[in-house]
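Descriptive analysis of the structure
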Amino acid sequence: MKNIYAQLFLTFAKIGSFTFGGGIAMLPMLSTELVEKRKWITDDELLDYYAVGQSTPGIIAVNVATFSGYKKGGVFGGICATLGMILPSVLIISILATLINSIDQFPLVQSALKGINVAVCALLCDASITFSKKSVKKAYQVVLLLISFALIYFFNIPSFVIISSNSTTNPQALCEKSVPAHSAGVDVLANLNVYNIP
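Given the structure is predicted, the values throughout are model-derived calculations rather than measurements.

**Remarks on the packing of aromatic side chains**
- Applying the stated rule across the entire model yields five aromatic pairs.
- Relative to Phe 154, the ring of Phe 149 has its centre 6.3 Å away and its plane inclined at 85°; by these criteria the two rings are edge-to-face.
- On the basis of relative accessible area, Phe 149 is assigned to the partly exposed category, the value being 32%.
- The class of Phe 154 is exposed, set by a relative accessible area of 56%.
- When the centroid spacing of 4.9 Å and the interplanar angle of 85° are considered together, the rings of Tyr 153 and Phe 154 count as edge-to-face.
- The structure contains a cluster of three or more aromatic residues connected by ring pairs, namely Phe 149, Tyr 153 and Phe 154.
- Over the aromatic face of Trp 40 sits the side chain of Arg 38, whose NZ or CZ is 5.5 Å from the ring centroid.

Structure (structure tokens):
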């Protein structure tokens, strides 16, 4: 158990260093590292952390790191995981901020950024499909998914409204005391709104 704090820090530093596109794009790597390789959390817990992370202030990926670290190593585990997730971004952004005026004019840099955008789009699609497969399993959930999509895409309803109203419109929530936060799959569509992807 001594090394768990170093493991949390290094694992989340690796995830923070090699993923682009924000929290939802990190889902495949988080699932691989935390659920499959290390078995620190389950798939359902990861999806719940994402749903809660979207509804709480702050960056989704950092919130997920904090929740995961807390589950594995308590308060200090949460701190280590959070620092691991944040540190690579802070370092990379600090370096790029000093160079951005001199390198953003190069065609190679512009091409690289366009390529990264395409890769991020693929990651977001993969994460959305993963969320949908794990979250949308019943007919009423499909209906809620479609209604949520229409409200976000066509009417520009803020994602927090969709997420918070999910529990009141979820027929299962009216009948049961405890329902996973991701039960209706609305979080998938809320992510698309956060990243302004139609």
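**A few points about helix α2 (residues 27–37)**
- Of all the positions in α2, only Leu 27, Met 29, Leu 30, Ser 31, Glu 33, Leu 34 and Val 35 are classed as buried.
- Residues of α2 that are buried in the fold lie against α1 (4–18), α3 (43–55), α4 (60–103) and α5 (107–135).
- Phi for Lys 39, located one or two positions after α2, is positive at around 55°.

The rules we used
Residues numbered from 1 in each chain as written. Predicted model: local features only at pLDDT ≥ 70, side-chain atom pairs only at ≥ 80, totals over all residues. Heavy atoms only, no water. Phe/Tyr/Trp six-rings, centres within 6.5 Å; stacked < 30°, edge-to-face > 60°. Buried < 20%, exposed > 50% of the residue type's maximum accessible area, 1.4 Å probe, protein only. Lys NZ or Arg CZ within 6 Å of the ring centre and 35° of its normal. Helix = DSSP H or I, 4+ residues; strand = E, 2+ residues; numbered from the N terminus. Contact = heavy atoms within 4.5 Å.

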